[in-house]
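Listed here are the chains, written in short residue letters.
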6 protein chains.
Amino acid sequence: MSPTFDLLSLGEILLRLSPVGNERIARGSLFEKTIGGAELNVASGVSLLGLRTGILSRLPANALGTYAKNQVRFLGVSDDWLVYDDSKDARLGVYYYESGAYPRKPGVVYDRRHSSFTGIATDQFSPSMYESTRCFHTSGITLALCEKTRETAIAMIRAFKEQGALISFDVNFRGNLWTGPEARACIEGILPMVDIFFCSEETARLTFGMEGSAEEILRAFTRRYPIRIVASTQRTVHSPKVHDFTSVIYDARTNQYFREAPYEHIDVIDRIGSGDAYVAGVLYGLLSDPENLSRALSYGNACSAVKNTIPGDLPSCGKEEIDRIIAAHHATGRQSEMDR
Amino acid sequence: MSPTFDLLSLGEILLRLSPVGNERIARGSLFEKTIGGAELNVASGVSLLGLRTGILSRLPANALGTYAKNQVRFLGVSDDWLVYDDSKDARLGVYYYESGAYPRKPGVVYDRRHSSFTGIATDQFSPSMYESTRCFHTSGITLALCEKTRETAIAMIRAFKEQGALISFDVNFRGNLWTGPEARACIEGILPMVDIFFCSEETARLTFGMEGSAEEILRAFTRRYPIRIVASTQRTVHSPKVHDFTSVIYDARTNQYFREAPYEHIDVIDRIGSGDAYVAGVLYGLLSDPENLSRALSYGNACSAVKNTIPGDLPSCGKEEIDRIIAAHHATGRQSEMDR
Amino acid sequence: MSPTFDLLSLGEILLRLSPVGNERIARGSLFEKTIGGAELNVASGVSLLGLRTGILSRLPANALGTYAKNQVRFLGVSDDWLVYDDSKDARLGVYYYESGAYPRKPGVVYDRRHSSFTGIATDQFSPSMYESTRCFHTSGITLALCEKTRETAIAMIRAFKEQGALISFDVNFRGNLWTGPEARACIEGILPMVDIFFCSEETARLTFGMEGSAEEILRAFTRRYPIRIVASTQRTVHSPKVHDFTSVIYDARTNQYFREAPYEHIDVIDRIGSGDAYVAGVLYGLLSDPENLSRALSYGNACSAVKNTIPGDLPSCGKEEIDRIIAAHHATGRQSEMDR
Amino acid sequence: MSPTFDLLSLGEILLRLSPVGNERIARGSLFEKTIGGAELNVASGVSLLGLRTGILSRLPANALGTYAKNQVRFLGVSDDWLVYDDSKDARLGVYYYESGAYPRKPGVVYDRRHSSFTGIATDQFSPSMYESTRCFHTSGITLALCEKTRETAIAMIRAFKEQGALISFDVNFRGNLWTGPEARACIEGILPMVDIFFCSEETARLTFGMEGSAEEILRAFTRRYPIRIVASTQRTVHSPKVHDFTSVIYDARTNQYFREAPYEHIDVIDRIGSGDAYVAGVLYGLLSDPENLSRALSYGNACSAVKNTIPGDLPSCGKEEIDRIIAAHHATGRQSEMDR
Amino acid sequence: MSPTFDLLSLGEILLRLSPVGNERIARGSLFEKTIGGAELNVASGVSLLGLRTGILSRLPANALGTYAKNQVRFLGVSDDWLVYDDSKDARLGVYYYESGAYPRKPGVVYDRRHSSFTGIATDQFSPSMYESTRCFHTSGITLALCEKTRETAIAMIRAFKEQGALISFDVNFRGNLWTGPEARACIEGILPMVDIFFCSEETARLTFGMEGSAEEILRAFTRRYPIRIVASTQRTVHSPKVHDFTSVIYDARTNQYFREAPYEHIDVIDRIGSGDAYVAGVLYGLLSDPENLSRALSYGNACSAVKNTIPGDLPSCGKEEIDRIIAAHHATGRQSEMDR
Amino acid sequence: MSPTFDLLSLGEILLRLSPVGNERIARGSLFEKTIGGAELNVASGVSLLGLRTGILSRLPANALGTYAKNQVRFLGVSDDWLVYDDSKDARLGVYYYESGAYPRKPGVVYDRRHSSFTGIATDQFSPSMYESTRCFHTSGITLALCEKTRETAIAMIRAFKEQGALISFDVNFRGNLWTGPEARACIEGILPMVDIFFCSEETARLTFGMEGSAEEILRAFTRRYPIRIVASTQRTVHSPKVHDFTSVIYDARTNQYFREAPYEHIDVIDRIGSGDAYVAGVLYGLLSDPENLSRALSYGNACSAVKNTIPGDLPSCGKEEIDRIIAAHHATGRQSEMDR
C-alpha cells in the first residue's frame, strides 16, 4: 500500500525577499529570504495542525531549488512530489514584499514569469498519487499563471476527482495575472468538480456577477454547481497594522451558515498568507472532523488571525497553540497575559 | 568601615535568548542575548536611579558566567557578591522568550533546572554583608527554585533582619515552579520578617485566600503580619502590545492608601521585568525619602510603565529620565513631543 | 546656457546614527548609519517628486564626506554644489537618535559643533548658481548654527533674491541652538526677502509674539512683510507612535486659506524629517503648478504624513506613490488593501 | 513492507549557539542558532549524498524541540524516529562555540547535562526499525553521556546486529565526558559487534594502548575483534584557520590499506563536524558501493575537507558538489576558478 | 554644447544577492543586496578615479529599477542614459553569489533571462550621445545575452566609432551564455572597430585559436585587426582566498610591451568585478594620459588587486587611495602599516 | 583607609565606529559601536588579568557618556574616577575604523577635537587618588591632544610620583596629533619621572634621534634618564591580516635584556589596541611579580598577540586564557587543537 496523504496541493513556490524591519525595497542593504506561495502556505498550515501533506511543484535544479526543497521539508510538507527543472532557463520565481504603515500601503513586486513552475505537467508525476490522497487543493493563481499550468491544474483536478479525492479550490483573484472575465470563464469550467470553494464576497460580485447579500451569494454558488461548502473571509482593514477578521461558511447539504465573532484589532505584522492560513484551518477542520463545520470555521478564523502576527508567508502555529487561541477567543472573564 | 550598600538582592541570573524582531523561538537563525532575573532586575533599577546595589548570586565559572558578571557591572550593580561554581555540572540557567502580538500571547521556555544558582549557600558569603546593607530584597522565585535556595533565602532574610536591614519581598508567583498551597505555606513563614511586601491582587486572592476589595486585602496582610508597606500593581492588558499600568500602596503605620492615575496605552515592546522595575522604583523611593510614599508610588509606576518600552529584562532609564516621565505624567497642557 | 535647478537648498548634512530596532543609544552594539539635515531633506523630497535640486553644503574631505556625497547622489540631489574641507579639523556633524514609545519620548544627542559646515562661505561657490535656480530654500537652523553660517545664508538669500529666485524659508526653531529673541531678531531681518514662509503656530506665538487665531497669525506675517505664502503644519501627537497631521496655507495675494482633512492615526516609524517632507511637498506643488495652492497643500500633507512611516531623516516616495496616497486620502468607499 | 532506511543513527541533538563573526561568547549581543550533534551530523551528511537516513533521538516537547525537529527535516533526515519528552524537566542540551584565531584556540562551553536525550530508552521506539535499516551508527559520545544512554546504545547495537544491519561506530573520545579507561572498558564491550570502526591514531594509542605504526594499529583492531573496516583521520593543524586533512582505511578482508594525498591548506571556517562529515562520506561510499573502499575514502576525505569551510556543525554539500571537489582534487593541470 | 562624458558603457545591471558572511545560497535567512554588471563595474571604476561616466542600460519601472538607478547615482555614474521598461514582463536580472573557501569554489546562480535589458534598442536613446562621448565600452556579455542586445551593441559601436569615440571591448567570455565558436564569429565581426581590446590569454587560445607565447598572441591581434592596444590579465589562484595578479599591455603603434611585478598574496574577499576594475584602471589611465601606457598598466593592476578586497561587484577606491597603493607597490623599504 | 588601585590610567575614551564585516566607512548601512582609547585599553587589560584598575577621564553628560561609563564597568575598570561635562559643547570623541586586506591598508578617520576630555583638569579629581594607587599610566596621546590635557597629565605624573606610585609611560607617537620635535621636547620633560617606558625602536630613532642597535637604544634611555625599565615591541607586518610579534625589555638595574621567540603568523582580526595590550601584559607582570621581568615579557607578548584576534580596541582574555596561550607558546610537541 502506498503512503497516504491527507492533502496534496498544486502551486508555485516562490522565493520571497523582504527588506529588514521597516526598510523599503528601493533602499537598504539586506533582504530577508524565505519561501512562499498560496498553495504551499495551505499545505504547510494543514501539516502544522497534524495532517500529512505534500506539495506538487516544480523547482529549478540549482542552489535556490535546493533551498526551497529544504524549506518545504522544514515546514513538515513532503517533498516527494517536487520535480526539478535542469534546463538552462530554470528559475525560481521571486517576489519582493515590503510592509505598509498608514498612510503607506504594503508594496509588492512580482518577478515570477518564465519560472520553472510554468513548465509543470502531469506526466512528470506518478499517477499513483491520485489514489493515495484524501484531498486536493489548488487556487486561481495556478490557473492564471500560463496555459500550461492551467492545463495541468485542470487535468489534476479531474484525475483526483475521479479517484474520489475532495477537491478544494480558492479563487485567489489576482488582477495582475488575468482579467475578471478570463478568471470567470476558466473557473466556471472547473466548479462542477469542486467540493470546497473559497471565494471572497468582493470577487463573487465583481468577477462572478453575483448579487444579493453575502449569504445569498454563498448559496447561489451551491445552486449553480455541485459545491458542498462555500467559505468567504471577512476582513476589515483599519490600517496596514490593524485588521479585524472573521468569515462565514455555508454548508449546502444542511443549508446552514456558520459564523463567529471577529478577531478584533489583530496586530498585523505580516498580512501575506493569512488568507491561505484560513484555507488551511478550514481544510484541517473538514479533514479531521468532516461533519463539524463550526469547528472548521473556528480553526480557519484562528489560523488566519494568528498568521497576521507571523513574519513571512508561512504559518508557524501548531495545533496546541491554535487550540489555546480558539479557547481564548471563546472565553469570557480574566485571561492570563502569558503562560509561565 | 566596610562599604555600604543601599540594597542587596538575592536571586538567580539567567541568560535570556530571544528571536530578533518578530521571529519565533522555533524558527529563524539568531537569538538576541542578554541577562535577566527578577531580583537582578530590581537591583539594576535601583542602581540606575542612583543608589548603590549588589546582587547575591552564583554563576558558573565559564565564559557565560564571565558574560553575566560583566553585564552585571555594565548595569552598575556590584559584582562583589557573586560567587562562582567551578564544578563540571556548572551551568547558567537559560530562558527563551518571544514577544506576542494579538491574538498570539508571548511565549517562554524555561531551562533553569540544575543551574549553578541552585547550589547557593550562606557559607559562600562573608557575614560582613549583613551589617553593611540598608535593605535586602528577594522574591518568591528564589524560594520556589529548590530546597537549597529556599533555605539560603530564609537564612539570609533572618540574618539581614537581625542586623536591622529592611526586608523587601515580592511574591512573584510562578505556577511552573510551585503550587499555590506550597507558595502560601512557605511565604507565610517569612512574612513575620518582611517590611515591604509586593503582592498582586490576584495572587492575594488565589494563593493567600484573601477576600474583599483590593484595599481590604492590602490592609489584611498588615493585620496578620508586622508588614509596614504593601504594594500591589494594577495592569490592564489590552493586547500584548498595549497595556495600562498603575498601582496602589498601603502604609500600615499611617493607615493611608496611595494611588495615581494609570499610564494608559503604554507601547509595550517588552513586558518582561516591568513588575521588577516597579519594585525598583518603589524601593528607590523608600530608601531615598522614606516617609514620602506618594513619591515612591510615582517612581514605581513610572519605572514600570517605561520598562515596557525597553527590550530585554532590564530597565535602562536613569533618574533624570524617570523624573521627566513623572513630570509629564502629572502635567497638564501642551507638552513637547521631543526635547531638542 | 548653464544647467537649471528648480531648487537649491543651503544646509548642513549630518551623519545620523540610530540604534537598531528599539535599542537605546546608551546600550547595544550597532548603529544604523544614514545622513540627514533639514535642508537636504527638503531637496531630496523635491527631487523624488521629479524636479531638479541641489544642496549647497560643505563636507570634510575624508571617508565620511565621501559617504555623505554618495548618499546625496543616491537621493537624486546634485552634488555639484558640495564643497570640501581638507583641514585637519574637518569633521562631519553627527547626531544620535533613538525612537520613543509611550511613555518614553524620542531621544536625541547632537554633536554638530565645529563641523566643516560651519566654515561655509559664499566665495566657495560660483556666482553662476544664483542665475540658474528657480527657488532657494534654507531654514532657521542654518541661521542659528554660528555667525559664519548666518552671514553666508543671508548673503545667499540676498543674491538669489536679486536674481529673481523665489526665497523659501522654514523657521525650524531649535531651542538648543539659540534663544527665541535671538531667532526673532535674526529672522525678522530676512523676512522682507522671503516669498514662502513656513512657521508653526507655536513658534509664531512664542517666538514672534503673534496673537489671535491660527488664521490671523498667518495673515499677520503677510501684512508685516511682503511674504506671498505662509504655511503652518498642525500635528497632533497621540503617542510617539501615533500622530495626526494636516496643515493650513495662506495665500496673501488672493487672501485665501487652504486646508484639508487630517491624516489620522499615522503609524509613526520615524518622525524626524516629516516637517521637511512637508516643505518639500509644498515647494514641489508651487514650483510645478504655481497657482494651485490646494494641490501644493495636498502634496505637503501627503509627503509629511508618509514620511513618518519611513526610517531615517529622508523621504523615499516618488510622485506616483504620493499621488496614490493623495487619491486614497481624498477617496470615499472601499479601497484595496494592497495593489497586486 | 516497511519503508527502508539506509542509515539510522542514535545520538543527542544539541542547540548550538555561536557569537556572530569573530565575537566571543563572553561579549556581544547575538548568538547564531543552529543544531548539531555528532550522530546527526553523520546522518545529515549521508542524506545529502542521496541515501535515506533517520535520527534516533529524544527532544523536549517545547518550542526548542520543534525547532530541532524542523531543522532535522530541513537536513533531509527523517524525523520519524524522534521521540518527545513532555516532563517538566524536559530540556534541549546546548553548547556554545566560538571560533579561534592563532594564537587563540576555539572555545566551547557544554551545557548538556540532564537533557531530554539522557532519558532515551529502547521501549520508546517501535522494534520494526531494527528490520528496516541497512546500517546503524552511533558514537562514543552516546556511550559516555550517562548510564541510560549507554544501555540504550548497547541494546540497539545488539538488536540491529541481530537483524543483519551493519554496525558503524566512531570512538569520538571526549575527555570531558569520561576517562580513557572508562571509554576503553565500555567500547571493548561493543567492538565484537562493530563492522566499521572509526578511531584516531591518537585515541588508539592513548586510550586503547595500541603500539606500532598507524598501519599496525588499524590492523591490530581487526585482529582482536571481528571488525571489517577501520578508518582513521589524519589532520594537521597549522592554525585554527588552516588545516590539512587526509585519512587511511584498512580493509581486514583483503588486508589492504587505502590512502590518498591530503587536502592541503584548507580554509577552515568552522572545524566542528568535519570528523562527522568524514564518517558520513565513508559510510555513503560503503553503502552505495560496498566493495570500492578507494571511493569510500575519497568521499570521506572530500566531505571532511569541505565541511571545514561551512559554518555550523552540519555539512551542506550534495553529491554533485562533492563529486566536483573529488575530481578537482584528483585532477592535474589548470582548473577553473569558478564555474560560470 | 552638450555635457561631455569621458566614458559611456553599455551593459546589463543586475541585482546581486549574496548570503551574509560564509553562509550558503541554499541555507540561511538573509541576502546582502547590491547591484553589479561588468560594464557598470567599469563605468563605476572610471568614475571613482575622477572622470565623467554614464551607463547605457534598461531597467524595469518598479521599486527594483528605482533601487538600481539610485545605486548607479551613488556610484557617481550618470543615470542620464538609463531607460525604463514599464511592461508587465519588466524585470531586473538577478544573480546569486556565494564566496568560496578551499576546497570549495565560489558558487553562482544566474537568473537573468528575459530581463528588461534584453529589450534595449538604439532608438530608446538620443543620438546626441554619440557626439558627446570620448570613449565607448562594452563587453562580450552584452553580445552574448540575446539577439537584440547584440544588434544594439554592434550598432552603438558603429555609431560611436563614426563620431570618433575610442572603442573599448572586453571579451569577458562566459561559457554559460554562448559557445566559443559563436563568440569568435561575433567578436571577429566587431574587432575592425575596436581600439582597446581586453582578452585573457586563455580565451585567446581556446576561443580565437591563437598560438605562441602570450606576447605573440597580443601582437597577433593587432596584426589581424586595427587594434591599438591589447591588454591581458594574469591571475594566479592559490585558493579562493589568495590570488596573485598582474597583466601585460601591448601597444601596437610603438610595438612595446608593458608589465610590472605582480601583487602577490592578495587577500581575496570578493573576486567578482576585479577584471572589470582592471579595465577601469587601464581606461582611466588611457583617457587621462593617453601616451603613458606604463601608468595605465599600474592603474589597471592596482584597481584590480584592490577590488578583490572589497565586497560586492563594485570598486570603492578613489584616486588618492589607488595612488597610495601604486606607490606602496613600487616602493622599497619599510612601510607604515596604517596611516594615522 | 581608602580603596587601593593597582593601576590608574589617564586618557581619552573614544566612541569607535566600524563597518560590519569587510564593508567600508564610505559605504554600507551599519556601524559596530564600541569604545576604546589607548589608556583605557591598558587599564582594561590589567583588570582582565586580575588587578584593580581605574580610568581617569572626562565624558559628556549625555547618553553617549552613559554608554561609555557602562562599558567601562563592563570591562571591570572602575568608573569612580570618571568626571562628566554637562556643558552645551560636551561631546564624546569619535573615531571610525575599517580593517585592511592586502593591498589595502586599514583606514581610520579621527573626529576627536573639542571633546569633553580636552577639558579635563586636576581639580576635578580628589587628591586622595594620588595616595591610593600603586601605578599611574598615561601615553603620548594624552600629551598631544591639547595644552590642557598636557598640563593635566604632567601635573598628575608629578603628583603620583610624589606619592610613590610607579610611573608608566607609552610614547604612542601619532603624527596626526603633533610633530616629532614637539613630541620629543614634551616627553623629554617628563622622562625624569618615568619608571617604565614603552617606546618603539622606530620612534626612538626618528623622534628621539637614538642610534645604534635596538639594544643600545633601550639602554641609552636609561642612561639619560632614571628609567628603570624600557620595553619595545617588534612587529612584522606580512599583510594586514598576518603579523608576527615579539618584544624586548631592558632592566636598567640588572643591565639585563629579556626576549622570547615571536608569535608567528598571528591571525589578525583587529590590530588596534594590540600595542596597548602589550603594555597591559607587561604592567600586570611587573605589578604582580616585580622582579620577574621574563614573566612580564611573556604576559606582554601573549596579551598583544592574542589581542590581534579580538574585534575592537579592547582585550577580552582573562588570566587563565593568557596562561594557556603562554604555555602553548613555550611548549614543544603535539598540542590539542581545542579543549573539550
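Residues numbered from 1 in each chain as written. Chains lettered and ligands numbered in written order. Predicted model: local features only at pLDDT ≥ 70, side-chain atom pairs only at ≥ 80, totals over all residues. Heavy atoms only, no water.

Caption draft 1: Spotlight on the overall build of chain A. Tallying secondary structure elements over chain A gives 11 helices and 14 strands in all. Partitioning the contacts of chain A with sequence separation of at least 6, the portion at a separation of at least 24 is 70%. When the accessible surface of chain A is summed, it comes to about 11,600 Å², and 47% of that surface belongs to carbon and sulfur atoms. Counting 37 positive and 41 negative side-chain charges, chain A places the averaged centre of each group 2 Å from the other. (Helix = DSSP H or I, 4+ residues; strand = E, 2+ residues; numbered from the N terminus. Contact = heavy atoms within 4.5 Å. Areas by Shrake-Rupley, 256 points an atom, 1.4 Å probe, with all protein chains shown as cover. Lys, Arg positive; Asp, Glu negative; His and termini not counted. Charge placed at Lys NZ, Arg CZ, Asp CG, Glu CD.)

Caption draft 2: Focus on the relation of the copies chain A and chain E. When chain A is fitted to chain E, the residual RMSD is 0.0 Å, and the transformation amounts to a turn of 180° plus an axial shift of 0.0 Å. Accordingly, the operation relating the two chain copies is best matched by a two-fold axis. Relative to the rotation axis, the closest C-alpha in chain A is found at Phe 31 of chain A, a distance of 2.6 Å. Take the interface residues of chain A: 100% of them recur as interface residues in chain E, which is what a same-surface contact looks like. (Least-squares fit on C-alpha atoms with pLDDT ≥ 70 in both.)

Caption draft 3: Molecular detail of the interface of chain A and chain E. Chain A puts 30 residues into the contact, and the matching count from chain E is 30 residues. A combined buried area of about 2,500 Å² lies between chain A and chain E, and 57% of that area is made up of carbon and sulfur atoms. Three residues, Ala 26, Phe 31 and Lys 33 of chain A, lead the burial of chain A against chain E; their summed loss comes to 22% of the area buried on that side. The interface formed by chain A and chain E contains four salt bridges. Asp 111 of chain E is the salt-bridge partner of Arg 91 of chain A, the closest N and O atoms lying 2.6 Å from each other. In this assembly, chain A and chain E are joined by 13 residue pairs in polar contact (both at pLDDT 80 or more). Elements with a contribution of two residues or more to the side of chain A that touches chain E: β2 (14–19), β3 (30–36), α2 (63–74), β6 (94–98) and β7 (107–111) of chain A. Sort the elements by how many residues they give to the side of chain A that touches chain E and α2 of chain A lands first, with five residues. When β3 of chain A meets strand β3 (residues 30–36) of chain E, the two strands line up antiparallel, connected through three bridges. (Buried area = accessible area lost by both parts, 1.4 Å probe. Salt bridge = Lys/Arg side-chain N within 4 Å of Asp/Glu carboxyl O. Polar contact = N/O pair within 3.5 Å; in protein donor to acceptor, adjacent residues only side chain to side chain. Pairing = 2+ DSSP bridges.)

Caption draft 4: Region of the structure containing the packing of aromatic side chains. All told, the structure shown has 80 aromatic pairs over all chains when counted by the stated rule. Ring centres of Phe 208 of chain C and Phe 221 of chain C lie 5.5 Å apart, and the angle between their planes is 80°; on these two criteria the pair is classed as edge-to-face. Placement of the pair is Phe 208 of chain C in the loop between α7 (201–206) and α8 (214–224) and Phe 221 of chain C in helix α8, with a sequence separation of 13 residues. With respect to class, Phe 208 of chain C is no different from Phe 221 of chain C; both count as buried. Taking the centre distance of 4.6 Å and the plane angle of 40° together, the rings of Tyr 250 of chain D and Tyr 257 of chain D count as tilted. A relative accessible area of 3% means that Tyr 250 of chain D is categorised as buried. (Phe/Tyr/Trp six-rings, centres within 6.5 Å; stacked < 30°, edge-to-face > 60°. Buried < 20%, exposed > 50% of the residue type's maximum accessible area, 1.4 Å probe, protein only.)

Caption draft 5: The sheet that holds strand β2 (residues 14–19) of chain D, seen in detail. The eight strands lie next to each other as β7(B)-β6(B)-β2(B)-β3(B)-β3(D)-β2(D)-β6(D)-β7(D), forming an open sheet whose pairing is mixed. In this open sheet, the two strands that pair with only one neighbour each are β7 (107–111) of chain B together with β7 (107–111) of chain D. Going across the sheet, the axis of each strand differs from the next one's by a mean of 30°, ignoring polarity. Bridging between strand β2 (residues 14–19) of chain B and strand β3 (residues 30–36) of chain B involves six bridges; their strand directions are antiparallel. In the sheet register, Pro 19 of chain B faces β3 of chain B, and the bridge partner there is Phe 31 of chain B. Running at roughly 60° to strand β3 (residues 30–36) of chain D, helix α2 (residues 63–74) of chain D makes contact with β3, β6 (94–98) and β7 of chain B together with β2 and β3 of chain D of the sheet. (Axes fitted to C-alpha atoms, helices over the stretch in contact; angles between N-to-C directions.)

Caption draft 6: Summary view of the pattern of salt bridges. Per the counting criterion, the structure on display carries 126 salt bridges over all chains. Where Arg 113 of chain E meets Asp 89 of chain A, a salt bridge forms, and the shortest distance between an N and an O atom there is 3.1 Å. Of the two residues, Arg 113 of chain E sits in the loop between β7 (107–111) and α3 (128–131) while Asp 89 of chain A sits in the loop between β5 (82–85) and β6, which places them in two different chains. Take Arg 113 of chain E: its relative accessible area is 36%, and that puts it in the partly exposed class. Given a relative accessible area of 36%, Asp 89 of chain A falls into the partly exposed group. Put simply, Lys 319 of chain A and Asp 323 of chain A hold a salt bridge, and the shortest N to O gap is 2.9 Å.

Caption draft 7: Region of the structure containing the interface of chain F and chain B. In this assembly, six residues from chain F lie in contact with six residues from chain B. Where chain F abuts chain B, roughly 580 Å² becomes buried across the two surfaces, and 61% of that area is made up of carbon and sulfur atoms. Three residues stand out in chain F for area buried against chain B, namely Asn 70, Arg 73 and Phe 74 of chain F, and they jointly supply 80% of the buried area on that side. Along the contact surface separating chain F from chain B lie zero salt bridges. Applying the counting criterion to the chain F and chain B interface returns one residue pair in polar contact (both at pLDDT 80 or more).

Caption draft 8: Up close: helix α8 (residues 214–224) of chain E. Among all positions in α8 of chain E, only Ala 214, Ile 217, Leu 218, Phe 221 and Thr 222 of chain E are buried. In an axial view of α8 of chain E, the angular spread of the buried residues amounts to 135°, which keeps them on one side of the axis. (Arc of directions from axis to C-beta.)

Caption draft 9: Inspection of the environment of Asp 270 of chain D at higher detail. Residues and elements named next belong to chain D. Considering the arrangement of structural elements, one finds Asp 270 in the loop between β14 (263–267) and α9 (274–288). Residue classification places Asp 270 among the buried residues on the basis of a relative accessible area of 5%. Counting along the chain gives 36 residues from Asp 270 to Val 306, while the straight-line C-alpha distance between them is 10 Å. The contacts of Asp 270, once residues within four sequence positions are left out, are Arg 16, Tyr 97, Lys 307, Asn 308, Ile 310, Pro 311 and Gly 312. Within polar-contact distance, the side chain of Asp 270 engages the backbone nitrogen of Ile 272 at 3.1 Å.

Caption draft 10: Structural view of the side chain of Arg 73 of chain B. Along the chain, the position of Arg 73 of chain B falls in helix α2 (residues 63–74). Residue classification places Arg 73 of chain B among the buried residues on the basis of a relative accessible area of 17%. A distance of 2.9 Å separates a polar atom in the side chain of Arg 73 of chain B from a polar atom in the side chain of Asn 70 of chain B. Among residues more than four places away in sequence, those in contact with Arg 73 of chain B are Asp 79 of chain B together with Arg 73, Phe 74, Leu 75 and Gly 76 of chain F.

Caption draft 11: Examining the packing of helix α10 (residues 293–307) of chain F against helix α11 (residues 319–330) of chain F more closely. Residue and element names in this part refer to chain F. At their nearest, the axes of α10 and α11 sit 9 Å apart, and the two run at 100° to each other. As summarised for this structure, α10 and α11 are arranged roughly perpendicular, according to the angle between their axes. Packed against α10, whose contacting residues are Arg 295, Ser 298, Tyr 299, Ala 302, Cys 303 and Val 306, the element α11 presents Lys 319, Ile 322, Asp 323, Ile 325, Ile 326 and His 330 at the interface. Of the residues assigned to the contact of α10 with α11, the class counts are seven nonpolar, two polar and three charged. (Parallel < 35°, antiparallel > 145°, perpendicular 65-115°, else oblique. Nonpolar A, V, L, I, M, F, W, Y, C, P; charged D, E, K, R; others polar.)

Caption draft 12: Seen up close, the relation of the copies chain F and chain B. Rotating chain F by 180° and translating it 0.0 Å along the rotation axis places it on chain B, where the RMSD comes to 0.0 Å. The share of interface residues of chain F whose copies in chain B are also at the interface is 100%, consistent with both copies meeting through the same surface.

Caption draft 13: Molecular detail of helix α9 (residues 274–288) of chain E. Helix length check: α9 of chain E (15 residues) gives 21 Å between terminal C-alpha atoms against 21 Å at 1.5 Å per residue, within 8%. Most of α9 of chain E is tucked away, with 13 of its 15 residues classed as buried. (Expected span 1.5 Å × (residues − 1).)

Caption draft 14: Inspection of the environment of Thr 309 of chain D at higher detail. Secondary-structure assignment places Thr 309 of chain D in the loop between α10 (293–307) and α11 (319–330). Ignoring anything within four residues of it in the chain, the contact list for Thr 309 of chain D reads Asp 267 and Ile 269 of chain D together with Ala 101, Tyr 102, Pro 103 and Arg 104 of chain E.

Caption draft 15: View of the pairing of strand β5 (residues 82–85) of chain B. All names here are of chain B. In the sheet, strand β4 (residues 53–60) pairs with β5 via four bridges, with the strands oriented parallel. Directly across from Pro 60, in β5, lies its bridge partner Asp 85. In this fold, β4 hands off to α2, which returns the chain to β5; that crossover is right-handed. (Right-handed = clockwise from strand over helix to strand, strands pointing away.)

Caption draft 16: Fine view of the side chain of Arg 91 of chain D. Secondary-structure assignment places Arg 91 of chain D in the loop between β5 (82–85) and β6 (94–98). Within the local environment of Arg 91 of chain D, its side chain forms a polar contact with the backbone oxygen of Arg 113 of chain D, the two atoms lying 2.7 Å apart.

Caption draft 17: Highlighting the confidence of the model for chain A. Summing up the model confidence of chain A, the mean pLDDT is 96 and the portion of residues at 70 or higher is 99%. Per the prediction output, this complex has pTM 0.96; the corresponding ipTM is 0.94. (pLDDT = per-residue confidence, 0-100.)

Caption draft 18: Looking closely at the packing of helix α9 (residues 274–288) of chain A against helix α10 (residues 293–307) of chain A. Residue and element names in this part refer to chain A. Interaxial distance between α9 and α10 falls to 7 Å at its minimum, and their mutual angle equals 155°. Overall, the two elements α9 and α10 adopt an arrangement that is roughly antiparallel. Crossing of α9 over α10 shows right-handed handedness. Counting all contacts with α9, which are made through Ser 274, Gly 275, Ala 277, Tyr 278, Gly 281, Val 282, Tyr 284, Gly 285, Leu 286 and Ser 288, the residues of α10 involved are Leu 293, Arg 295, Ala 296, Leu 297, Tyr 299, Gly 300, Asn 301, Cys 303, Ser 304 and Lys 307. Taken together, the residues that form the contact of α9 with α10 break down as 10 nonpolar, eight polar and two charged. (Left-handed = near helix turned anticlockwise from the far one by under 90°.)

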